[in-house]
Protein chains: 2
Amino acid sequence: MEEKKDAGITVKKSENFMEWYLQVLTKSGFMDYSEVSGCIIFRPSSYGAWQQASNAIDIEFKKAGVEDVYFPLLIPEKLLKKEAEHFEGFTPEVAWVTKSGNTEMSEKLAIRPTSEAIMYVSYSKWVRSWRDLPIRYNQWNNVLRWEFKHPTPFIRSREFLWNEGHSVFATEKEALAEGKQILKIYQKALKEYLALPGILGKKTDKEKFAGAVATYSIEHVMPDGWAIQGPDWHHDGQKFSKAYDIKFLDREGNSMYAWQNTYAFTTRELGVMVATHSDDKGLVLPPRLAYVQVMIVPIFRNENAEKVMDYARKIHRQIAKKFRARIDDREGYSPGYKFNDSELKGIPVRMEIGQKELESNRVVLARRDTGEKIECDAKEAKASIGKLLKEMHESMYSKAEAFLMSNIHAASSYGELKTLLDEKKGMISAPWCGKTECEEKIKEETGAKITNVPLKQPKMGGNCIYCGKKSRKIANFARSY
Amino acid sequence: MEEKKDAGITVKKSENFMEWYLQVLTKSGFMDYSEVSGCIIFRPSSYGAWQQASNAIDIEFKKAGVEDVYFPLLIPEKLLKKEAEHFEGFTPEVAWVTKSGNTEMSEKLAIRPTSEAIMYVSYSKWVRSWRDLPIRYNQWNNVLRWEFKHPTPFIRSREFLWNEGHSVFATEKEALAEGKQILKIYQKALKEYLALPGILGKKTDKEKFAGAVATYSIEHVMPDGWAIQGPDWHHDGQKFSKAYDIKFLDREGNSMYAWQNTYAFTTRELGVMVATHSDDKGLVLPPRLAYVQVMIVPIFRNENAEKVMDYARKIHRQIAKKFRARIDDREGYSPGYKFNDSELKGIPVRMEIGQKELESNRVVLARRDTGEKIECDAKEAKASIGKLLKEMHESMYSKAEAFLMSNIHAASSYGELKTLLDEKKGMISAPWCGKTECEEKIKEETGAKITNVPLKQPKMGGNCIYCGKKSRKIANFARSY
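Residues numbered from 1 in each chain as written. Chains lettered and ligands numbered in written order. Predicted model: local features only at pLDDT ≥ 70, side-chain atom pairs only at ≥ 80, totals over all residues. Heavy atoms only, no water.

**Notes on the relation of the copies chain A and chain B**
Working step 1: Aligned on chain B, chain A shows an RMSD of 0.0 Å; the corresponding rotation is 180° and the shift along the axis is 0.0 Å. Those values place the two copies in the arrangement expected of a two-fold rotation axis. Among all residues of chain A, the minimum C-alpha distance to the rotation axis is found for A:Val97, at 2.1 Å.
Working step 2: Interface overlap between copies is the fraction of interface residues in one copy that are interface residues in the other; for chain A against chain B it reaches 100%, indicating a shared surface. (Least-squares fit on C-alpha atoms with pLDDT ≥ 70 in both. Contact = heavy atoms within 4.5 Å.)

This is how it looks when you write it as structure tokens:
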């Protein structure tokens, strides 16, 4: 019997977070590295989680009136150049196609780092009158940003998967109203599928998206106390409509530039999810995203093998219509090995079935996050699993929320900010005057940027912790991925 | 009121097929051209159809034991070169990334034309023992083939969407058994979703996939009588496992090369679907793939507008949980314009609601493919629409099947083959000795290739129509897209 003893996680989450994270991702079979630096392989477990999350979001998008489309992967350089800030923001990390076969291309083509440039030339063609608005299109696709910072799977990958929504409205008011709707969809998906909380707020001018008027984001804190940006929504005002000439005749016959938004939810969230929930035994996956939700481990000797397997298959048939369930019927591995393997892979519920269970017509269910075991009648297995998965999801979310809350600290002076950043990490809420100058000085001196200015403002007063002038808002400062 | 009189299709399908096809695609809003030659924009109607079709296939894949994954877009040149036939087949149409930002890359990277090369290096790493097999992974992604032939939307696009399945088995027998399963899934999706029939058969050595041992395909006939290849499944034998070093220890401890298959279903099928079913009024979409299945057109004057709209909204609420239904409540367009628009866009059922329907608590349903109108009680609308959509689907499939069958002709001599090719077009079934030499001569002299050798062999005898030697099989010859 060949059982790999080194298959488990060999470092602790609390001791070496990054090494632990990488071991969990690869040893659990969630992802693997590819031959292209910074580009990862989504194995069934991670791609399955992405399919569940993106489907959930897509259903909400469609209810909200958003329509899915697909635009080309390649963008001619001249189109990318139309909006200057946008081009400058992305051009250092664009991968360029310059040849097809053995032929040099007459114009180089960018692999989309994002699709404003290729979409908005078409929008300009399609939009003629107020009757053609709004356009609320979204794409689920792959994008490439050839960053030179050290890549980290999911967290900073050169190629990643995402949704990119690109809307056009006749009025600023309608455009602004979209923000709440989209950010609510993202928050719901994070809470109900990824079991992730986050802080919703407005990005500063310095940190907003290249080309946007305003960016709103959901920000997380990773287990090592560093902040990380999650999904975002950008109001672009008329910046792109002016650059790409998206004009329409309003009801009065006046030619007007349209108002636009963009928004995105990326596979980075899978990294935040794994990092947040997993433990020293391996992956822990929120039940709704788990590729396999229930692993049935049959326990038998030669003499009762057929009977136990028949019982396992019977139970599997009972539950397989409701849950993604499998039987671990691999030959040559002990039940103990299979238990560990199921834990390493983050399967939410392990069902143990042996001679005792066969005789009593019962099953044993073990919950991945707490290790808790319960026993129930076989005919109640479906209901019990449903309950267990629901409880597990809620408990994972509560734990993540408690962690986030315990990692937000208030500072009323610059000295306190610096101490908290060093000693407590996480996000530090502090009064800020709103000036980029103070924001930049703080970043220079502490390494902390403003993650966002929370919409739900903490109840605290005080003057700007840097310049001492009147504070406009409480901002969250953090060292950040 | 601004109603475009030139919005409809201006040529007949029977008179100028290609011009008709392009008008249907663009005027119906199914797709649009992009700024990159040969790369198209999937608008909500075509992307919606693709989502429905690919979801249906994906559900069947998962039932069959296939798992979805995602591998990187970019493939280093050295990996692509490992299997010589494969590389030679694809290299003339590879788009190469040579720069990131302003930096020349040390090795150029191919945008995947297909993913064997990037997947199989990982397979080689993952497969150690018979316990690791089978691997049955699939990707839904975008690929790029920079062909220089004239691009035609969907039919020959430089970028297209597809599934690419890549399996590894321990034995040839298991590998070969997968073919039936996959091709059955494709045939089912074609029949039940795209309403498309096709001829299942084996490709000749000359026409098979670059790198495969054997290719099986489903072949269609387009309305202009030209054949077109549909989904396919390839048995690769040990060709790639030898090139990419995918070896495993069998139960006896011997090191063996694995057996592999690949298979694909592409967005080309959307083109075949549109071409097959649509008519001189515009798009006709099979009901299960239609992005909007029911368009409610309210008919009112100022004095009864609110009442009719209320009634329309009430009916919409009744049916919207079961069908993708919308109300065409656009201002400033007449009901007649909306009727035409709904027909142009290929919406399967148009529901007419006016004063008469309001008073009698009834609705009028018009079926897109036949134009047939029925009336029913409002409370029966849901059942009537369900029935209508089902009948419409079945009738579209029957019509397409009858068309295909009437376009397959038998030839017992070379002269007859040539006459039939010129006068009847379609596929010509004829005896063939199995030699590439005869196949090539026929192609040279008539422009017809062998689409495939049907698995269900027609009942006809005779010697090879070219060389007169003993015929091994009946092959289908056709001029082909």
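**Topic: the packing of helix α2 (residues 44-64) of chain B against helix α6 (residues 172-194) of chain B**
All names here are of chain B.
Working step 1: For the pair α2 and α6, the least separation of the axes is 10 Å and the interaxial angle reads 150°. Classed by the angle they form, the pair α2 and α6 counts as roughly antiparallel. Every pair of crossing elements has a handedness; the one defined by α2 and α6 is right-handed. Contacts between α2 and α6 involve Gln52, Ala53, Ala56, Ile57, Glu60, Phe61 and Ala64 from the former and Gln181, Ile182, Ile185, Tyr186, Lys188, Ala189, Tyr193 and Leu194 from the latter. (Axes fitted to C-alpha atoms, helices over the stretch in contact; angles between N-to-C directions. Helix = DSSP H or I, 4+ residues; strand = E, 2+ residues; numbered from the N terminus. Parallel < 35°, antiparallel > 145°, perpendicular 65-115°, else oblique. Left-handed = near helix turned anticlockwise from the far one by under 90°.)

**A few points about the sheet that holds strand β7 (residues 135-144) of chain B**
Residue and element names in this part refer to chain B.
Working step 1: The strand order β3-β7-β8-β14-β11-β10-β9-β22-β23-β21-β20 describes an open sheet built from 11 strands, whose pairing is mixed. At either margin of the open sheet sits one strand with a lone partner, and together these are β3 (67-68) and β20 (408-410).
Working step 2: Pairing analysis gives 5 bridges linking strand β11 (residues 227-237) to strand β14 (residues 259-266), with the strands arranged antiparallel. What sits directly across from Asp232, in β14, is Ala264.
Working step 3: Packed on one face of the sheet, helix α14 (residues 436-446) meets β21 (427-432), β22 (449-454) and β23 (473-478) and runs near 145° to β21. (Pairing = 2+ DSSP bridges.)

**A few points about the interface of chain A and chain B**
Working step 1: The partner chain B presents 62 residues to the 62 residues of chain A that form the contact.
Working step 2: Summed over both partners, the interface of chain A with chain B comes to about 5200 Å²; 55% of that surface belongs to carbon and sulfur atoms.
Working step 3: When the buried area of chain A at its contact with chain B is split by residue, A:Glu35, A:Tyr70 and A:Arg131 rank highest and sum to 13% of it.
Working step 4: Across the chain A-chain B interface, the total number found is 6 salt bridges.
Working step 5: Between A:Lys125 and B:Asp32 there is a salt bridge, with its nearest N and O atoms 3.1 Å apart.
Working step 6: The tally of links from chain A across to chain B stands at 36 residue pairs in polar contact (both at pLDDT 80 or more).
Working step 7: Considering each element in turn, the side of chain A that touches chain B owes the most residues, 6 residues, to strand β5 (residues 95-100) of chain A.
Working step 8: Considering only residue class, the side of chain A that touches chain B consists of 36 nonpolar, 9 polar and 17 charged. (Buried area = accessible area lost by both parts, 1.4 Å probe. Salt bridge = Lys/Arg side-chain N within 4 Å of Asp/Glu carboxyl O. Polar contact = N/O pair within 3.5 Å; in protein donor to acceptor, adjacent residues only side chain to side chain. Nonpolar A, V, L, I, M, F, W, Y, C, P; charged D, E, K, R; others polar.)

**Points about the pattern of salt bridges**
Working step 1: Inspection of every chain in the model, using the stated rule, returns 72 salt bridges over all chains.
Working step 2: A salt bridge links B:Asp369 to B:Arg367, with the shortest nitrogen-to-oxygen separation between them at 2.6 Å.
Working step 3: Beyond isolated ion pairs, a larger network of salt bridges with shared partners links A:Lys281, A:Glu343, A:Arg350, A:Glu352 and A:Lys373.

**Structural notes on the sheet that holds strand β5 (residues 95-100) of chain B**
Working step 1: Taken in spatial order, the 6 strands line up as β4(A)-β6(A)-β5(A)-β5(B)-β6(B)-β4(B) in an open sheet, and their pairing is antiparallel. Each edge of the sheet is formed by a strand with only one pairing partner; in this case those strands are β4 (74-76) of chain A together with β4 (74-76) of chain B. Taking each pair of neighbouring strands and ignoring which way they run, the sheet shows an average axis angle of 45°.
Working step 2: Relative to strand β6 (residues 103-111) of chain A, β4(A) runs antiparallel, the two sharing 3 bridges. In the strand pairing of β6(A), A:Ile75 is matched with A:Ala110.

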